[in-house]
Amino acid sequence: MEHLYEARILLVDDNPDILDMLKSILSRRGFRNIRAAGDCREARAAFGAFEPELMVLDIMLPDGDGFSLMRDFRLSSDAPVLFLSAKDEDNDRLLGLGLGADDYITKPFLPDELVLRLTAILKRTYFSSFRKEKEGAVLRLGDRTVRLESGMVSTPDGEVALTAKELALLKKLGENRGNIVTFDALSDAVWGENYYGYENTLMVHIRRLREKIEKNPSAPVWLVTVRGLGYRLAKES
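This write-up is about the structure you can find in this document.

Criteria and thresholds
- Residues numbered from 1 in each chain as written.
- Predicted model: local features only at pLDDT ≥ 70, side-chain atom pairs only at ≥ 80, totals over all residues.
- Heavy atoms only, no water.
- Pairing = 2+ DSSP bridges.
- Helix = DSSP H or I, 4+ residues; strand = E, 2+ residues; numbered from the N terminus.
- Axes fitted to C-alpha atoms, helices over the stretch in contact; angles between N-to-C directions.
- Core = buried A, V, L, I, M, F, W, Y, C linked by side-chain atoms within 4.5 Å.
- Buried < 20%, exposed > 50% of the residue type's maximum accessible area, 1.4 Å probe, protein only.
- Contact = heavy atoms within 4.5 Å.

1. A word on the sheet that holds strand β8 (residues 138-141)
Either a parallel or an antiparallel arrangement is found when strands of a sheet pair, and the pairing is made through backbone hydrogen bonds. On the basis of which strands lie adjacent, the open sheet formed by four strands has the order β8-β9-β10-β11 and antiparallel pairing. With partners counted over all chains shown, the strands left at the sheet margins are β8 and β11 (158-161), one partner each. Averaged over neighbouring strand pairs, the angle between their axes works out to 20 degrees when direction is ignored.

2. Some thoughts on the nonpolar core
Ranked by internal contacts, the top residues of the largest apolar core, which has 23 residues, are V146, L170 and I213. Mapped onto this core, the elements with two or more residues apiece are β8, α6 (164-175), α7 (183-191), α8 (199-213) and β14 (230-233). The residues touching I213, leaving out its near neighbours within four places in the chain, are L141, R144, V146, V153, L170, W222 and L223. I18, L19, F109 and I121 belong to the second largest nonpolar core, which has 21 residues in total.

3. Some thoughts on the pairing of strand β13 (residues 223-226)
Two strands pair when backbone bridges link them, and β13 and β14 are joined in this way by four bridges, in the antiparallel orientation. When the bridges of β14 are listed, V224 appears paired with R232. Taking the residues that link successive antiparallel strands as the turn, the β13-β14 hairpin has three residues, and the phi of G228 there is positive, at about 80 degrees.

4. Side note on the environment of L57
When you line up the elements, L57 lands in strand β3 (residues 54-58). Among the residues examined, L57 registers a relative accessible area of 0% and is labelled buried. Residues L57 and L84, 27 residues apart in the sequence, show an inter-C-alpha distance of 5.7 Å. Contact partners of L57, with chain neighbours within four places excluded, come to V12, G66, L69, M70, V81, L82, F83 and L84.

Spatial relationships are all this shows, so hold off on functional conclusions.
Given below as structure tokens:
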């Protein structure tokens, strides 16, 4: 449960009173990393800077809708989504779940119900699997150790968790350690065969991965760029 309350949660709703209420409910229950946005523009900015691990999205927003937001976010993140809306129509519910949302709750709602649903999503998608996995293969990167089965990086300052895509990238690089892994091969490892158009997104994930495994992400010594070809995970000397 310690890690559960560290989850980064993005709240998106155009009603400031509802945002304040949501932040208050979650804060009182122990969640510490909460970011709020009142429209699609703010949500996209927060998404890029905050890298949320769970998103609560309103459907009707002044400059768009929650469905479109989720489609955009899904291009670079597998973070679970809970739709929160005043509308209780079957078509909206089915559309949200059909797009890959993890849950749907309508206003008004009971605070306990909201917290229980969010907690269940987080346990299911991130933390239960970590607790059940045994420690397996590791990558040693100087003063950092990566446990590939749990997706955790041990650093001098403590442990940090890799996202699913960061872990997929690191596994692919680790399997070919010392050799160049092309942009195409890395994209295919993360997004599958339909990876076209993800080149810029790949660079974003590489940058975030370096922030977790490198002592100085701006001057990487482990995850190095091979200009024009791809990336290479350096071997220990």
